[in-house]
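Close look at the chain arrangement
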Amino acid sequence: MKDFSGKVAVITGGAGGLGREFANVAAGLGMKIVLADVQQDALEKARSELEGQCAQVLAVLCDVRKGEEVQALADAAMARFGAVHLVFNN
């Protein structure tokens, strides 16, 4: 993929560390971001900061060890943005 602008990235573990940095890069490239994490407070802080960078963000509480939560994450991403172009399973 050469043009990231307007594309959708799903990032697990996105509220901190490498996932959060990847979200910053994605926002800088103009991507729409689906941010998933198990820590609600960190997730909301990351969402707020990314929206402050003018990114479109969907924050979803998700434990990737639970199949039903991963399915809910996928369903939420499709419902909000209609497509997923990149998945960073951190």
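Structure: above.
What comes next concerns the included structure. None of these values were measured; they are calculated from a predicted model.

Once that is clear, we can look at a nonpolar patch on the surface. Taken together, Met78, Val84 and Val87 make up a surface patch of nonpolar side chains, about 250 Å² in accessible area. Following the sequence through the fold, Val87 ends up in strand β4 (residues 86-89).

Counted according to the given criterion, the structure contains five salt bridges. Put simply, Arg47 and Glu44 hold a salt bridge, and the shortest N to O gap is 2.8 Å. Highlighted residues: Arg47 and Glu44, both in helix α2 (residues 40-52), separated by three residues, approximately one helical turn. Residue Arg47 is classed as partly exposed on the basis of its relative accessible area of 23%. We classify Glu44 as partly exposed; its relative accessible area is 29%. With a closest N to O distance of 2.6 Å, Glu51 and Arg47 form a salt bridge. Of this pair, Glu51 and Arg47 are both found in helix α2, four residues apart, which corresponds to roughly one turn of the helix. Three or more residues joined by partner-sharing salt bridges are found here, namely Arg20, Lys45 and Glu49.

Quick look at the pairing of strand β2 (residues 32-37) now. Buried residues dominate β2, accounting for five of its six residues. The handedness of the strand β1 (residues 8-12) to β2 crossover, carried by helix α1 (residues 17-28), is right-handed. One crossover worth recording links β2 to the parallel strand β3 (residues 57-61) by way of α2, and it is right-handed.

Only a minority of non-glycine residues have a phi that is not negative, and only a minority of peptide bonds are not trans. Its identity is not glycine, yet Cys54 carries a phi of approximately 70 degrees, on the positive side. The topology assignment puts Cys54 in the loop between α2 and β3. By relative accessible area, which is 73% here, Cys54 ends up exposed.

Conventions used here
Residues numbered from 1 in each chain as written. Predicted model: local features only at pLDDT ≥ 70, side-chain atom pairs only at ≥ 80, totals over all residues. Heavy atoms only, no water. Patch = residues over 30% accessible without salt bridge, like charges linked within 9 Å, V, L, I, M, F, W, Y side chains within 5 Å. Areas by Shrake-Rupley, 256 points an atom, 1.4 Å probe, with all protein chains shown as cover. Salt bridge = Lys/Arg side-chain N within 4 Å of Asp/Glu carboxyl O. Helix = DSSP H or I, 4+ residues; strand = E, 2+ residues; numbered from the N terminus. Buried < 20%, exposed > 50% of the residue type's maximum accessible area, 1.4 Å probe, protein only. Right-handed = clockwise from strand over helix to strand, strands pointing away.

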